[in-house]
Each structure stands twice: as C-alpha cells, then as structure tokens.
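Reading the structure
Residues per chain are reported as follows:
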Amino acid sequence: MWSWIPSNGSLIWQLTWENAKLGVLPALYGLVISLPLGVIAARWRWFYPPVLTVVNILYAIPSLALFIALIPAFGLTDTTVSIALTVFSLCVILPNVVAGLRGVPAAVTQAATAMGYGAFRRLIAVELPLAVPVILAGLRVGVVASISLASVGQLIGVSSLGYLFIDGLQRSFPTEIYVGLVLVIALALVCDLILVAVRRALTPWAVS
Amino acid sequence: MSFFTWAWDWVTTDANWHGSGSIPQQLLAHLGYSALPLLIAALIGVPAGVAIGHRGGKGAVVVINFANAWRAIPTLGLLILLAVFLGFSPITWLLPLVVLAIPPILVNAYEGIAGVEASVKDAAKGMGMTPWQQVTRVEIPNALPLILVGLRTSAIFVVATATIAAYIGLGGLGRFIIDGLASDQYGPVAGGALLVVILAVLVLALFAGLSRLVIPAGLRKQAKTE
C-alpha cells in the first residue's frame, strides 16, 4: 500500500507545489494590501472601526461560500481561490499591522522626530521595523490558514493537495489521505518556520 | 447572472421551503451540528487557556506555537480520513470541528488572562483572595472580552466549516452546496452559500449582543481582535 507513494511521486510533487503557491501567494498579497491600510488606520483613528467591522464580516464568510460567490466572475480557476484566500489573509493580517504600529512607544517616535526624521522616514525606518514581530505573527496565521484552506479549493475543482483527500475517499484508499494530510501540515509548518527565521533576521535586537 | 441573482432566485423559490430537506430543516440541522462542537471546544479551550495564563512564565511561546501548528491541520483532510475509517459516525464530523474550534478559544483565553494588569492581580492578592477567587472573581471577568472574541471566532469557523462536512454526508446547509456542485446546478450552490453567510453574520451579531450583556461595565472598552 505504501508503494503508491513512489509510483505517484510526480503527481504528489506537482500537487504540493500547487498547494504551496495557492497558500503562500494570497497571504503575501494580503500583507501587501494590509500595510498601507494599516498605516492609514494607525494614523487616522476614525478610519479603523468601520474597516474592522467590514473585516470581521468578510472573515465570517465561509471559504467555500466565497469561492462559490466568485465563480460567476472568475470561473473554476486558481484566481477564484486566490482572491478568496487573499481576503481571509487580509482579515488576519490587518489587525496585527494596526496593533503593531500603535504599540510603538510614544517616546520612540518622539525621539525619532527630535532627531529630524520626517513622517515618512520615521514610518519606514522606525515604526514599521518595531512593528515587525506583531505583523509577522499575523502573517504566520495567514499563511498557515491559507495553505490549509487551499485544499478546500479542490471541492470546486481547483488543483491542490485536496485532490489526494477526495481521490482517497472515492477509492477508499487511506494512504493517499495520509500523504495529503502530512504534506499540508508539513508545508504549513515549513512556511511558519521560514517566517520565524525572517522575524529573527529582521529584528536582531529581540531576545527570542 | 451574478451570484446574488442566482442565490436570490433560489432562496425565494417557495418549493425550497417545504418538505424533507427544505431550507428550514437544514438550517436547524446546521445550527445543531455547529453548537455541539463549539460547546466541547469551549469546555476544553477556556479552562486550558485560563490555567496556562494564570501560571504565566514560558506558557506564551508554547501556546502560540502550538495553536499555530494546530491550525495547519486541514479540516477537509481530517474529515475524509475519519470517514474512510469510521464511516458516518458522530465522531467523524464532531472531531474535525472540535479540532478546528480549539485554537482561537485557547489563544484568546490565554491572552486575556495573561494580559490582566499586574497591579490588578496584586490588588486581588493583597485583599486576601485565595488563588481560586483571584481567578474566578478578578482574572476571568477582566479577560472576558477576549474570551468572547475567541468563542466568536471559533463559532464562525464552525458554522462555516460544517458546510464542508456535507461532503461526507452530513446534513445542514452544506447539502445544498455539495449536491448542487455534484449536479451542476448553480442555484442551490449560490443559495446555500448565501444562507451560510447570513448565518455567520447572525452569529457575529449574537456575540456583539452577548458581550454587551456579560462584560462588566468597567471593562466595556473595545475588545481586541485576534
């Protein structure tokens, strides 16, 4: 029964690669959209409560339902799944961007201003670097959840490791399901560890 | 036609509201399938989070990393694996939903308790409260906003994901979606999806109301979101 794995090596590799792309890219898109929104929300306080309400409602939409809602516009394609996962990633990352920026001590921003930093340079050189641990904590949740949710895309026919679940069920072949489960979890953990390494590299002053 | 016209046409078709497998029946089933795993997850996650938060120390790193790894478990895969081994038993659909619901509850309960101000904890101790009193009368009421955020997040996850359980034959709103996908009918697929979204938003509103009722007046500032 384990001989299934070597004889399907190329299929497994291809599905893993597709699942990785489908999980990681939307999380990065989510980060790219969250950063400017978070900066605006941290600076102008009235902007955040309405945005947070919208984010909470978007986050409440089941992934499968959002995939389905996007089908008329984008069809049964990668784009449909990517857009939905980008939305979910945005929902977890944005609150962390805001919390990270707001958590920068006032004394630090004042010191930066006193040293002659303008608002933009202070944001890039002081506030965002200090917010990195909190922002990356959000990105970690976003990446792990996206990789895991990407497998649901298989229900609307978008190729991912979810294929192994569904094919395994139809053939009552547990090996295939094990392989899918282990690879999804391994993929998520590898990405998580990479992000932990990135955080350490970006924040050499932090203790842990 | 757009998603909403498909969904609206299907939801407003009178025949879909009567007989076996009708909208009201599946809606009730969906609520039942969501409530039980949420309750079980709360009974595990809240006490565990409170205990770890109360002890403090290295707990933080462990809880956050554990919860993050735990989140990586794909619900669809776990569901299908159990279905292959156990067939359609209650464990088959309960276990994946409980697994899904634990991390947000645990993390928020932990962060709520760990985030109670040290001066408040010291005051409780200084007034001669026993450890049990400190936890139940001071720390838990102070952590309640975050504990509720955790429960809300999990409730929404469970309501949303119970949909996927229809794939292995569970009832509920997911039936419309899975059966519609299998028979290439977009009407029930869109309608079912819309009903799940409405249900999820109602859960959100329910928790907003609940937090007004149970959170002590002195704490009614904005609760942090996960």
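Residues numbered from 1 in each chain as written. Chains lettered and ligands numbered in written order. Predicted model: local features only at pLDDT ≥ 70, side-chain atom pairs only at ≥ 80, totals over all residues.

A closer look at the overall build of chain B
Along the backbone of chain B there are 9 helices and 0 strands. Along the longest, intermediate and shortest principal axes, the C-alpha atoms of chain B span 65 × 40 × 25 Å. For chain B, the proportion of its 226 residues judged to be buried stands at 47%. Of the contacts made within chain B by residues no fewer than 6 positions apart, 75% connect residues no fewer than 24 positions apart. (Helix = DSSP H or I, 4+ residues; strand = E, 2+ residues; numbered from the N terminus. Buried ≥ 20, exposed ≤ 12 C-beta atoms within 10 Å, placed from the backbone. Contact = placed C-beta atoms within 7 Å.)

So, the overall build of chain A
In terms of regular secondary structure, chain A is built from 9 helices and 0 strands. Overall, chain A shows an N-to-C arrangement of helices and strands of α-α-α-α-α-α-α-α-α. With respect to the principal axes defined by its C-alpha atoms, chain A has extents near 70 × 40 × 20 Å. Looking at chain A residue by residue over its 208 residues, the buried ones come to 46%. Within chain A, contacts between residues at least 6 apart in sequence are counted, and of these 74% link residues at least 24 apart.

Describing unusual backbone geometry
The phi dihedral of A:Ser172 is positive, around 50°, even though this residue is not glycine. Of note, the phi angle at B:Asp184 is positive, near 55°, even though the residue is not glycine. Tracing the sequence through the fold places B:Asp184 in the loop between helix 8 (174–182) and helix 9 (186–214). With 7 C-beta atoms counted inside 10 Å, the residue B:Asp184 sits in the exposed group.

Description of the packing of helix 9 (residues 174–202) of chain A against helix 4 (residues 75–86) of chain B
Helix 4 of chain B packs onto helix 9 of chain A with a crossing angle of 155° between their chain directions and a minimal axis gap of 10 Å. For the element pair helix 9 of chain A / helix 4 of chain B, the angle class is roughly antiparallel. Considering how the two elements wind past one another, helix 9 of chain A and helix 4 of chain B form a crossing that is left-handed. For the pair formed by helix 9 of chain A and helix 4 of chain B, the contact residues are A:Pro174, A:Ile177, A:Gly180, A:Leu181 and A:Val184 on the first element and B:Gly77, B:Leu78, B:Ile80, B:Leu81, B:Val84 and B:Phe85 on the second. Residue composition of the contact of helix 9 of chain A with helix 4 of chain B, by class: 9 nonpolar, 2 polar and no charged. (Axes fitted to C-alpha atoms, helices over the stretch in contact; angles between N-to-C directions. Parallel < 35°, antiparallel > 145°, perpendicular 65-115°, else oblique. Left-handed = near helix turned anticlockwise from the far one by under 90°. Nonpolar A, V, L, I, M, F, W, Y, C, P; charged D, E, K, R; others polar.)

What about the packing of helix 8 of chain B against helix 9 of chain B?
For any two helices packed against each other, one specifies the inter-axial angle together with the distance between the axes. Residues and elements named next belong to chain B. The contact between helix 8 and helix 9 brings their axes to 7 Å, and the two run at 155°. By the angle class used here, helix 8 and helix 9 are roughly antiparallel. The way helix 8 lies across helix 9 gives a crossing that is left-handed. Contacts from Gly174, Phe176, Ile177, Asp179, Gly180 and Leu181 in helix 8 reach Tyr186, Gly187, Pro188, Val189, Gly191, Gly192 and Ala193 in helix 9. For the contact of helix 8 with helix 9, the residue count by class is 7 nonpolar, 5 polar and 1 charged.

Notes on the interface of chain A and chain B
Counting residues at the interface gives 37 residues for chain A and 33 residues for chain B. Of the residues contributing to the side of chain A that touches chain B, the split by class is 27 nonpolar, 8 polar and 2 charged.

A few points about helix 3 (residues 48–60) of chain A
Working note: α-helix, 3.6 residues per turn, so residues spaced by three or four point in the same direction. The end-to-end C-alpha separation of helix 3 of chain A is 18 Å, in line with the 18 Å expected for 13 residues at 1.5 Å each. The set of residues buried in helix 3 of chain A consists of A:Tyr48, A:Val55, A:Asn56, A:Tyr59 and A:Ala60. All buried residues of helix 3 of chain A project into a common sector of 135° when viewed along the axis, lining one side. Exposed positions of helix 3 of chain A whose direction lies more than 90 degrees from the buried face are A:Pro50, A:Thr53 and A:Val54. Summarising the contacts, the buried residues of helix 3 of chain A are in contact with helix 2 (9–43) and helix 5 (78–102) of chain A together with helix 7 (131–161) and helix 9 of chain B. (Expected span 1.5 Å × (residues − 1). Arc of directions from axis to C-beta.)

A short note on the confidence of the model for chain B
Residue and element names in this part refer to chain B. Taken as a whole, chain B shows an average pLDDT of 87; of its residues, 96% reach a score of 70 or greater. Contacts from residues 222–226, a stretch scored under 50 in pLDDT, to residues over four places away or in other chains number 16 contacts. Among the scores for the predicted complex, ipTM is 0.84 and pTM is 0.85. (pLDDT = per-residue confidence, 0-100.)

Re the environment of A:Leu149
Along the chain, A:Leu149 falls in helix 7 (residues 119–150). Residues contacting A:Leu149, with those up to four places away along its chain left out, are A:Ser63, A:Leu85 and A:Phe88.

Quick notes on the environment of A:Leu101
Residues and elements named next belong to chain A. Along the chain, Leu101 falls in helix 5. Put simply, Leu101 and Trp2 are 99 residues apart on the chain and 50 Å apart in space, counted from C-alpha to C-alpha. Excluding anything up to four places from it in sequence, Leu101 contacts Gly38, Val39, Ala42, Glu127 and Ala131.

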